[in-house]
Amino acid sequence: MKKLTLVAATLFSCGVLAKGPLTVEHLNQHNKIGNVALSPDGRALVYSQTNGGFAPADTSHDLYLMTLGDTRSTKRLTQHNSRERAVQWHPDGRSIFFIANRNGSDQIWQLRLDGGEAQPVTQLPLPVNGFKLAADGKTVALSLTVKPGCQSLQCTLDAQAADAARKDTALVYDQLMVRHWDHWLDQYREHLHVAVLADKPITDAKNLMADWNTNIAGIDQVAFTPDNQQLVFSAKIPGVDQAWHTNFDIFQVPLTGGEKINLTADNPAWDAKPKFSQDGRFMAYLAMKKPGAEADRFGLMVLDLVTGEKKELAANWDRSIYDYQFGLDNRTIYVTTQDVGQFSIYAINTSFGDVIKVYGDGYAGSLQVASDKLVFTNHRLNMPIEIFQTGPDGSQVQQLTDVNAQWRAAVQFGDFEQFSFEGAEGTTVYGYLVKPWNFDANKKYPMAFLVHGGPQGSFGNMFNERWNAQMYAAKGYAVVMVDFHGSTGYGQAFTDSISRDWGGKPLIDLQKGFEYIVQAQPWIDGNRACALGASYGGYMMNWIAGNWPTGFKCLVNHAGLYDMPSFYGSTEELWFPEFDLGGTAWDPNADYAKFNPAAHADKWQTPMLVIHGLKDYRVPYAQGLGAFTNLQRKGIESRLVIFPDENHWILKPDNRVRWYNEVFQWLDKYTK
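Cut-offs used in this document
Residues numbered from 1 in each chain as written. Predicted model: local features only at pLDDT ≥ 70, side-chain atom pairs only at ≥ 80, totals over all residues. Heavy atoms only, no water. Helix = DSSP H or I, 4+ residues; strand = E, 2+ residues; numbered from the N terminus. Rg over C-alpha atoms; globule rule 2.2 N^0.38 Å. Buried < 20%, exposed > 50% of the residue type's maximum accessible area, 1.4 Å probe, protein only. Disulfide = S-S within 2.5 Å. 1 Å grid on protein atoms, 1.4 Å probe; cavity = no way out; pocket = protein on both sides within 12 Å on 5 of 7 lines; lining within 4 Å. Points joined across faces, edges and corners; volume = space filled by probe spheres on them. Pairing = 2+ DSSP bridges.

Visitor: Before we go on, may I ask you to explain the overall build of the protein chain in this structure?
Guide: Looking only at helices and strands, the protein chain has twelve helices and 38 strands in total. Whereas a compact globule of 672 residues would reach a radius of gyration of roughly 26 Å, the protein chain reaches 26 Å, a difference of no more than 12%. Across its three principal directions, the C-alpha atoms of the protein chain cover 70 × 70 × 60 Å. Of all 672 residues assigned to the protein chain, the portion counted as buried reaches 58%.

Visitor: Could you clarify how one ought to interpret the state of the cysteines in this entry?
Guide: The bond known as a disulfide is covalent and runs between the sulfur atoms of two cysteines. Enumeration according to the criterion identifies two disulfides in this entry. Disulfide pairing places Cys150 opposite Cys155 at an S-S distance of 2.0 Å. An S-S torsion of about -55° defines the bridge between Cys150 and Cys155 as left-handed. On the accessibility criterion, Cys150 (4% relative accessible area) is buried. When its relative accessible area of 30% is taken as the criterion, Cys155 is described as partly exposed.

Visitor: I'm lost on empty space enclosed by the protein in this one. Help?
Guide: Under the counting rule described, the total for this entry stands at three cavities of 30 Å³ or more. As for the largest cavity, its lining consists of Gly292, Ala293, Glu294, Ala295, Asp296, Gln456, Thr495, Asp496, Ser499, Phe576, Phe579 and Asp580. The set of elements that each furnish at least two residues to the lining of the largest cavity consists of helix H6 (492-496) and helix H10 (575-580). Considering each element in turn, the lining of the largest cavity owes the most residues, three residues, to H10.

Visitor: Looking at this model, I keep getting lost on the pairing of strand S20 (residues 282-287). Mind explaining?
Guide: Within a regular beta strand, the side chains point alternately toward one face of the sheet and then the other, so they alternate between its two faces. Summarising burial for S20: six of the six residues are buried, a large majority. Because side chains alternate across S20, one face comprises the buried residues Phe282, Ala284 and Leu286, and the other comprises Met283, Tyr285 and Ala287, equally buried. As judged from the four bridges shared by strand S19 (residues 271-276) and S20, these two strands associate in the antiparallel manner. Looking at S20, one finds that Phe276 is bridged to Met283. The hairpin turn running from S19 into S20, its antiparallel successor, is five residues long, and Gly280 in that turn takes a positive phi close to 80°.

Pasting the structure below:
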């Protein structure tokens, strides 16, 4: 890998552009932009950059300051071994705050922009998970992991010491959930605290929810009220039913502590992300309407704090809002939403609910708003994350960073295009096609048919390290990705259509999409095709094996569901199967038997590669083991790859290399 970097650097210094296919080593070496924070006056921004080792040839992680305007300039702010994150500006614009582990645990630091070293803001006995500054710069809200019932941080420290002194290793539970994502839960919870900023570091903080045996939804879902005297936050009410409902509510609590008022008690579904307009007139938040549904449409609710009127903006606009920011005029709200294979920015008028598209090329995120511009991150099928800006109306789009300029100059990406066809029930269904990197129209190419997870998700115009379409194009495959019924970004009815129909319309869409693309693109060899998917995509590999057994030369099943009743008994977020499959596993009217891949195992015949992480508690590893056991007992060519240190995703760079190598060896074996 070091040799690759040196060769690339030599070629660039000589002015020679060495184009080649994307490799997994390239994928591991690109530079990554993380946290983005726009200054209060909109004239500068701070962002974090993690270098991958290609260009520059280091793996540092630091903060950079960019001044905006006609003459942009960028300078590096930090050069410390610790990783800075969660950057926020002081309201006066003269300094920034961030979290870093510089003295043994994650704490908040402040760095003045006129020079000097970062100074500690907190020296708490517990790590800081996240924080949010009040608009007056006097108070800070903190997310700390503590023991419920503890009124002091010392109480939590004592509990931790008692745990460490125990001779046994037993984990004991009296209610669900007992584990989440990739870890077993313990007795500690993420609680909202508050402290006052002073000239010396903060050493203590007040817990505003000490009596709650629940977590806040995240520090990004916490906001100070306009008078800076109270906090609002999203959380579930304590109870034994948290594993099987989605009823997050918005609560308000004084900074001095006391009663927590439920502001959304009238909505039994998910409420999230409260924010206030800068003039203090409005509080906005996102709200779903269907209890138990995690993929329902998030509508934008606005509460007028003067009149008390509450209404949903753009109630008839058929998109689910991911995030939003108030414009500085306090009468426009800019939102990001998934939109026909893109992640777009729209502007919504708070008075009339008018919706205007501002930007829609690739995946926009980390939206920041100034009086004369919007700043956001963006990535596409042929570009990792960079920072862009545009005018409030979408004009004058500019790319502000190009941190992977040399990296991209070394890679030849495959051309891509969006297509559509008539899917199940005559509905228009969309997909993406990526051509091989060295495409020759006179040649025939095998197909990699990628099926996304979720199932309420999408393989759109995005750059993804775990399922990167360009990786398959680099290996000489035509890459086809169909956004079947249930995919997001095509209206809520389309997303809802997969619930109670896991093996129905989605399979028809995949079959019709396969047939369409082979006819529309005669250079694709449909007789040399392999299908690949993870999570629900892995479920679909198991479902295809029994319900479309002659469709593909091979299958790749990553973290796929195999036996639905046992999945229900071992996953953690029970609200998901109970909503999507129509109830509990013992409900005779639910779909666990109807759409169970294991029930069709007698018809399996396609060679399958099965991959699973042992720390996957969303789809526990027994699901992958069950599929592999069936394949082996039936004498079907198969291979099982287990990653003991990975969860539902493959995240470690070396494991990513092995993952892609295993996948490509499997595809090549059956298609080339």
